[in-house]
Each structure stands twice: as structure tokens, then as C-alpha cells.
Amino acid sequence: MPLLAVRNLSKTFAGQRALAGVDLDVDAGEVHALVGENGSGKSTLIKCLSGYHQPDAGGSVQLSGEPLDLPLTPEAARAAGMAFVHQDLGLVPSMTVMENLAIGRGYATGRGGRVKWRAERARARAVLLRFGHDVPPDVPLRNLAPADQTLVAIVRALQDAEQGGSMLVLDEPTAALPDREAERLFAAVREIAASGVGVIYISHRLHEVFSLADRVTVLRDGRRVLVDDVANLTERQLVRAIVGRDLEDRFVPAPAQTNGDVVLEAKDLRGRRLDGATFAVRAGEIVGVAGLLGSGRSELARIVAGAQAPAGGEIRLGGEPVAFRGPRDAIDAGVVLVPEDRRTQGAFVGLTMAENLTLPSLPDFFRAGRLRHRDDRRVAEELMEEFGIRPNIPGRRFAEFSGGNQQKAVIAKWLHRRPRVAVFDEPGQGVDVGSKAEIYRLVRAAAENGSAVLVVDSDLEELELLCHRVLVLRDGCVAAELEGAGLKRDRILEHVLISQEAAA
Ligand SMILES: Nc1ncnc2c1ncn2[C@@H]1O[C@H](COP(=O)(O)OP(=O)(O)OP(=O)(O)O)[C@@H](O)[C@H]1O
Ligand SMILES: [Mg+2]
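Every chain is numbered on its own, with residues counted from 1 as its sequence reads. To read the labels, note that chains go from A and ligands from 1, taken in the order they are written. Residues qualify for local features only when their pLDDT is at least 70, as the model is predicted, and side-chain atom pairs are given and counted only at 80 or more; totals for whole chains, interfaces and linings, by contrast, use all residues. Computation of side-chain values: all heavy atoms of the structure, hydrogens and water removed.

Participant: Help me understand the overall build of the protein chain in this model?
Facilitator: When helices and strands are tallied, the protein chain shows 18 helices and 22 strands. The contact rule is simple, with two residues in contact once any of their heavy atoms fall within 4.5 Å. When contacts within the protein chain are restricted to residue pairs at least 6 apart in sequence, those whose partners lie at least 24 apart make up 67%. Looking at the protein chain as shown, the accessible area adds up to about 22100 Å², and 48% of this sits on carbon and sulfur atoms. Labels follow the DSSP assignment, with helices taken as runs of H or I lasting at least four residues and strands as runs of E lasting at least two, numbered in each case from the N terminus. To measure how exposed things are, a 1.4 Å probe is used in the Shrake-Rupley method; for residues, cover is taken only from the protein chains shown.

Given below as C-alpha cells:
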């Protein structure tokens with residue numbers, strides 16, 4: 001008998017079927033991967049389990065053979081021992097790490113209901129350390145890097161799963177995590193599963209599915225199209241189940257290096273981590289930036305795009321020195337940044353998709369002081385078509401699109417401006433295999449149209465496939481530069497790791 005048995009679960013949003021009669025079995029001690037294209041219904045399924053969404057009538061959920069009352073409430077899900085890490089993490093940036101860890105669980109209280117702060121602090125620190133995460137409990141969450149914030153959300157769920165939990169559900173937990181942190185998470189997940197907890201693991205990184213999961217369920221258009229032991233499947237078979245066809249040339253090799261003019265030059269750039277980085281990017285060129293977490297990767301992206309002031313050094317654009325006072329200056333000069341934390345930094349989730357897509361070019365839509373809504377809609381519709389953003393409903397609220405489609409939208413809104421310099425921080429994060437190939441195509445098209453492209457990425461395969469040249473950052477400097485035949489993920493890794501060994 002499975003630990004969790006979901007039968008015939010459906011969910012309709014405003015007449016649209018997001019889930020259509022899905023079954024899912026998870027055994028005790030099993031890591032069960034849940035995969036599928038952006039918008040296929042993965043998050044909807046687990047939000048029905050967590051009590052966030054109310055499923056349509058007709059389905060059932062059993063845990064340890066006992067039927068659960070549907071719709072579930074968050075309290076009932078919790079009482080049943082199910083712990084969740086949602087795609088948007090569910091953290092509060094203004095609260096401290098410790099406060100975030102206590103969300104949903106509450107604090108230990110003493111006589112008169114007074115919170116035992118000292119005990120709480122010690123407890124928070126112990127839990128974090130237990131999962132190999134050394135952050136101070138008292139700092140506001142927003143001061144942490146996205147990877148560290150993800151780890152806090154994960155630790156919060158793991159602490160529950162550890163204490164007599166039955167199920168742990170992780171919705172794309174590694175989307176913001178570099179390889180080394182992801183490995184730490186895998187170790188923790190394996191340990192939790194070994195203790196008899198059932199784990200549902202959602203990811204677009206198929207190598208994670210193969211290395212971590214025992215079984216995999218594939219959703220397509222809200223239906224289950226495959227369930228099998230991972231050991232029975234090849235990557236090709238899995239990809240075919242996900243996208244419904246063979247992805248022939250899943251990754252087209254990068255085109256030959258161009259000889260365009262130098263557009264972007266950075267000389268001796270300094271910041272908090274950066275310590276004298278020097279490089280140049282030509283029009284039509286896609287240059288990758290690799291390095292460990294903390295090597296200055298994201299800082300480099302922010303400084304180039306005016307989102308952070310450099311502590312020293314020089315940036316030239318088309319040969320002219322520039323000093324951006326903020327992102328607005330950079331955008332006016334044609335330099336755009338697609339940030340790492342796209343959903344919170346790159347979008348207005350309360351507005352519609354059309355508004356989000358056209359906001360950066362809003363002045364184009366004003367005529368005699370009035371917003372020309374009709375054009376706005378038409379442009380948005382075209383962009384959604386071109387960038388494969390589904391469903392193609394410009395008037396729908398941004399928040400109601402699936403995670404991967406939100407990410408494509410943020411990329412679309414910047415690329416359609418034909419920037420002189422486009423800076424991407426983790427462009428493939430959170431998008432499905434089919435969309436990834438799409439995004440690569442779009443990044444390449446931007447370069448072919450004459451943009452100078454800078455790609456900061458922790459996915460080495462992505463760097464190899466997408467870039468003409470890769471800079472490896474170490475101790476804040478460009479320590480190596482790979483191109484041509486030398487541009488292979490193994491070689492990048494070697495160069496990245498030299499610093500890790502030196503530090504050890
Ligand atoms: N609150 C909502 N209101 C209306 N439609 C929604 C809502 N949430 C999700 N949907 C729709 O339901 C479908 C499934 O979305 P879901 O978020 O479950 O996809 P997903 O498989 O998690 O995708 P991703 O890989 O991009 O995270 C999509 O078409 C989405 O637009
Ligand atoms: Mg999702």
C-alpha cells in the first residue's frame with residue numbers, strides 16, 4: 001500500500017482545466033520526481049495537497065490508507081505530517097531567519113505565553129547547522145542571497161519532516177541553488193527519505209531526477225502521461241514524455257564567433273567581492289561568466305547594469321566611459337539586466353501579463369497623455385506568441401501564470417527592446433527543457449541582432465552550449481578565459497574548482 005495515494009484529482013481555474021483526473025502514488029521512503037512542461041499542473045497538484053487550492057469534486061487523497069477530507073486545509077495538511085517548500089518559497093523578506101523558520105509552527109512559549117527567545121534562537125541555529133547551513137538567525141531574510149533564502153525555506157520544511165513527518169514536498173527547490181548547495185540539499189533529502197518519509201520532488205533539471213529519484217511521474221496538460229522507475233528510463237524517453245515529441249536538436253551548437261565592435265568594456269572593476277575584473281564584450285558575442293557562489297558573479301551583472309555602484313574601476317560603452325546612477329540610466333543607455341530573482345525583482349505580480357510585458361516601453365504607448373491600451377494588448381499578444389508564453393491571455397494577472405512562463409515573460413520584455421548590452425543572471429533557471437531551447441534561441445537572436453550579451457550562470461552545460469567565450473571569476477578577478485575547443489563544461493569546472501581547493 002502506498003503512503004500517499006492521490007486518485008482522479010482535478011482542478012479548474014475560471015473554466016480552464018489545470019489538472020484533469022491525476023493519479024499519484026508515493027511510497028514511504030521513496031523520492032518521487034514530478035516533472036512536466038511549464039504550466040503542466042505540477043504546482044497546482046501540490047497546492048491541492050497543501051490546502052492552498054480547492055480541487056474539483058470527484059477526487060480522493062489517502063495517506064497511510066486513511067482517506068483525507070477534501071478540500072484539505074493548510075492546518076489539516078500540516079496535522080497529517082505533510083511539509084511543503086513552494087516554488088515561491090513562502091518566506092517574508094522583512095522578517096528574520098528565525099522568524100521565518102517559525103512561520104506555521106509558532107514559537108516555544110513559557111509561562112504566561114511569553115516566547116522563549118533565547119531557546120528559540122538556539123533552536124533556529126541548531127536546525128540550520130544540522131542541515132549544514134551557517135547563517136545567523138537574527139538577520140532579515142532579505143539580506144541573504146537568493147540561494148541562502150531558498151535554503152532557509154527548505155530547512156523550515158525539513159525540520160517538520162524530521163519531527164515525525166510523513167511527506168516532504170519540494171517544488172523546484174534547486175532553481176536558485178548552485179551545484180554545491182544543491183548537493184547538500186540532495187544529501188538531506190536522501191537522509192529524510194531513508195527515515196521513511198515520502199518525498200515529492202519537482203524539478204526541470206533532468207539530471208537531478210536521474211540522480212535523486214526512485215520513480216518519476218510526468219504531467220502534460222494536466223494529465224499523467226507516464227509513471228515509471230527512473231532506472232527503466234533514458235533521458236530521451238523522459239524528454240519525449242515531457243514535451244510529447246522528440247526534441248531533435250535540443251541544443252543547437254553556438255554559432256561561430258563574431259568580429260563585431262567592442263560594445264562593453266570593464267577595466268579593473270571593484271565591488272564587495274569583485275577585485276579588479278577586466279573584460280570586453282563585442283556586438284554579437286555571448287560571453288559567459290562562471291564562478292563559485294560568492295565569487296562576484298551576480299555583483300558583476302548588477303554593476304554592469306547600474307543596479308549597484310562599483311567601488312572602483314571603469315565601464316565603457318561604445319568606447320565612452322559611463323557612470324550609471326541607477327538601472328534607469330543603464331536602460332536609457334541600452335543596458336538591460338534580467339535578474340536572478342526574476343519573480344520579485346523583475347515583475348509586477350499584481351498587474352496583468354500585458355502590463356508586465358509592455359511596462360519597460362511604456363512611453364511608446366502614451367499618446368497625448370493616454371495609455372493606448374489596444375496597442376498595448378496587441379504588442380503583448382505578439383510577444384507572448386514569439387516567446388512561447390502560455391496560455392496566450394494578455395489580460396490575465398501575472399501571478400496566475402506558471403513559474404516558467406513568468407520567467408519567459410521577464411526575458412521577453414527586455415529582449416524586445418533590442419538592447420545594446422543584455423545581461424542575464426541564470427537565464428535557464430526554472431524553465432522546462434523545451435522552453436530552455438526556446439530561450440537559447442532568443443538569446444542567440446538578440447546577439448545576432450547586434451546586442452552584446454553577458455550570461456552569468458551556475459549551469460555549466462548552459463554556458464558550454466550558449467556562449468562563444470566564458471570568463472571564470474575567482475577571488476573577484478577574471479582568472480581564466482575559455483573559448484573554441486577549450487570551452488567544455490569539464491574545463492570550466494576545473495577552473496572554477498581551483499579556487500575551492502585553494503580555499504580548503
Ligand atoms: N491561481 C491561478 N489562477 C488561474 N490559473 C492558474 C492559477 N494557478 C495556475 N494556473 C494555471 O494552471 C496551469 C498549471 O499551472 P502550474 O503552476 O500548476 O504549472 P507548473 O507545472 O507548476 O509549471 P512551472 O514548471 O512553470 O512551475 C497553468 O495553465 C496556469 O496558468
Ligand atoms: Mg510550478
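Now that the structure has been shown, the text picks up again.
Participant: Teacher, can you tell me more about the pairing of strand β3 (residues 31–36) here?
Facilitator: A regular strand places its side chains on the two faces of the sheet in alternate fashion. Burial of β3 is extensive: six of the six residues sit out of reach of the surface. Burial of β3 is two-sided: the residues V31, A33 and V35 facing one way and the residues H32, L34 and G36 facing the other way are all buried. In short, DSSP must find at least two bridges between two strands for them to pair. Of the strand pairs in this sheet, β3 and strand β8 (residues 198–202) are connected by four bridges, and their pairing is parallel. Bridging across to β8, L34 finds its partner in I202. Summarising the sheet, β3 and strand β9 (residues 215–220) pair through five bridges and their orientation is parallel. For A33, the partnering residue across the bridge sits in β9 and is V216. Burial classification: accessible surface area is computed with a 1.4 Å probe over protein chains only, and a residue below 20% of its type maximum counts as buried, one above 50% as exposed, and the rest as partly exposed.

Participant: What is the right way to read the confidence of the model for the protein chain from this model?
Facilitator: Predicted coordinates in regions of low pLDDT should not be interpreted in detail. A score from 0 to 100, pLDDT tells how confident the predictor is in each residue. The predicted model of the protein chain has a mean per-residue pLDDT of 85, with 87% of residues at 70 or higher. Per-residue pLDDT stays below 50 along residues 362–368; that stretch engages in eleven contacts with residues further than four places along the chain or on separate chains.

Participant: Hey, could you run me through empty space enclosed by the protein in this one?
Facilitator: Empty space among the atoms becomes apparent when a probe as large as a water molecule is rolled across them. Cavities and pockets are defined on a 1 Å grid built over the protein atoms alone: a cavity is a set of grid points where a 1.4 Å probe fits but cannot escape, while a pocket is an open set with protein on both sides within 12 Å along at least five of seven lines, and lining residues are those with an atom within 4 Å of any such point. Grid points are joined across faces, edges and corners, and a volume is the space filled by probe spheres set on the points. Counted by the stated rule, this structure contains three cavities of 30 Å³ or more. Put simply, the largest cavity is a space of about 130 Å³. In terms of lining residues, the largest cavity is bounded by 16 residues, among which A175, R205, G428, Q429 and G430 are the most central. Under the scheme applied, nonpolar residues are Ala, Val, Leu, Ile, Met, Phe, Trp, Tyr, Cys and Pro; charged residues are Asp, Glu, Lys and Arg; polar residues are all the others, including Gly. Of the residues assigned to the lining of the largest cavity, the class counts are three nonpolar, six polar and seven charged. All domain edges in this entry derive from an automatic or database-based domain assignment. Three or more residues apiece are contributed to the lining of the largest cavity by two domains, here domain 1 (4–243) and domain 2 (261–334 + 420–431 + 448–504).

Participant: Would you mind going over the sheet that holds strand β5 (residues 66–67) with me for this structure?
Facilitator: Whether parallel or antiparallel, the strands of a sheet pair through hydrogen bonds between backbone atoms. Spatial ordering of the open sheet is given by β2-β1-β4-β5, a layout of four strands whose pairing is antiparallel. A strand with exactly one partner marks an edge of an open sheet, and here the two such strands are β2 (16–26) and β5. Across four bridges, strand β1 (residues 4–13) lies against strand β4 (residues 60–63) in antiparallel orientation. What sits directly across from V6, in β4, is V61. The axes are straight lines fitted to the C-alpha atoms, using for helices just the contacting stretch, and the angles between their N-to-C directions are given from 0 to 180°. Each of β1, β2 and β4 is contacted by helix α1 (residues 42–49), which is oriented at about 110 degrees to β1, the strand it contacts most.

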